[in-house]
Amino acid sequence: MIAANTALQSHTPTYLGGCGTAALPRLLQHCTKALLHCPTTKFHLLVFAADNTENKANTHLQTLLARLQPLKHLPLVQTMLQQTLLPIEMCQRLLLDAGRVTIDLYLGCNKNLLKTIMAPCPWITLWYWQAPFTPTTPFIWQLARFSCDNCVIHLPDEQFATLKPHFITAGF
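Calculation rules
- Residues numbered from 1 in each chain as written.
- Predicted model: local features only at pLDDT ≥ 70, side-chain atom pairs only at ≥ 80, totals over all residues.
- Heavy atoms only, no water.
- Buried < 20%, exposed > 50% of the residue type's maximum accessible area, 1.4 Å probe, protein only.
- Helix = DSSP H or I, 4+ residues; strand = E, 2+ residues; numbered from the N terminus.
- Pairing = 2+ DSSP bridges.
- Right-handed = clockwise from strand over helix to strand, strands pointing away.
- Arc of directions from axis to C-beta.
- Core = buried A, V, L, I, M, F, W, Y, C linked by side-chain atoms within 4.5 Å.
- Contact = heavy atoms within 4.5 Å.

1. Section: the pairing of strand S2 (residues 43-48)
Moving on, step 1. Of all six residues in S2, six are buried, a share of seventy percent or more.
Moving on, step 2. Because side chains alternate across S2, one face comprises the buried residues Phe43, Leu45 and Val47, and the other comprises His44, Leu46 and Phe48, equally buried.
Moving on, step 3. Inspection of the sheet shows strand S1 (residues 14-19) paired to S2 by six bridges, in the parallel sense. By the bridge assignment, Thr14 is partnered in S2 with Phe43.
Moving on, step 4. Since S1 and S2 lie parallel, the crossover through helix H2 (residues 23-37) that links them has a hand, and here it is right-handed.
Moving on, step 5. Relative to strand S4 (residues 101-106), S2 is paired through six bridges, and the arrangement is parallel. Residue His44 lies in a different strand from S4, and its bridge partner there is Thr102.

Structure below.
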């Protein structure tokens, strides 16, 4: 019975999310450390790589690539930088490390974009909020729609006091 559970766990991905261009580098660092300790782990990342709610996919892409450069020594980042990324707001799915890391990358971050994404059930267990803007309550509700009941959200220290009431109001 234990072997069956272990096998099942190794094939079920851990779902993580991030907002802001600085979120993806943090998530890739997190995955790199976890894969060192448990190489059979799988991750599925939902990333909204934008630092504001404007539809400027090319600007968001350039900022994201610049933030990844200092981490290019990490294998996951090396592989990602070899991928062709398009300056579009809609989803780009990337497979890294022989499929152990799947990234759904959106170069946009607004509630209208979030409304278009189908979420059959809450699945994100951990969010990294790295966007420098203060989200609206409807925006946070859209993030909550993707989140498990016991979801953890990491807020930057410098924004913690400002952001915490917004996320608590939305149910985080």
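Let us keep going from here.
2. Some points on unusual backbone geometry
Moving on, step 1. The phi torsion at Asp97 lies on the positive side, around 50°, for a residue other than glycine.
Moving on, step 2. Inspection of the secondary structure assignment puts Asp97 in the loop between strand S3 (92-96) and S4.
Moving on, step 3. The residue Ala98 is not glycine, and still its phi comes out positive at about 55°.
Moving on, step 4. Relative to the assigned elements, Ala98 resides in the loop between S3 and S4.

3. Considerations on helix H6 (residues 137-145)
Moving on, step 1. Within H6, burial applies to Phe139, Ile140, Gln142 and Leu143. Down the axis of H6, the buried set is contained in an arc of 155°. They therefore lie on one face.

4. Considering the nonpolar core
Moving on, step 1. If you look at the biggest cluster of nonpolar residues, it comprises 29 residues, and the most contacted ones within it are Leu24, Leu28, Leu45, Met80, Ile103 and Leu105.
Moving on, step 2. Leave out the neighbours within four places in its chain, and Leu45 touches Leu16, Leu24, Leu27, Leu28, Cys31, Val101, Thr102, Ile103 and Asp104.
Moving on, step 3. Core analysis: the second largest hydrophobic core is formed by 24 residues, Cys19, Ile124, Trp127 and Leu155 among them.

5. Quick word on the environment of Ala23
Moving on, step 1. Of note, Ala23 is situated in helix H2.
Moving on, step 2. With relative accessibility at 0%, the residue Ala23 sits in the buried group.
Moving on, step 3. Between the C-alpha atom of Ala23 and that of Leu64, which follows or precedes it by 41 residues, the distance is 9.2 Å.
Moving on, step 4. Ignoring any residue separated from it by four or fewer positions in sequence, one finds Ala23 in contact with Gly18, Tyr128 and Gln130.

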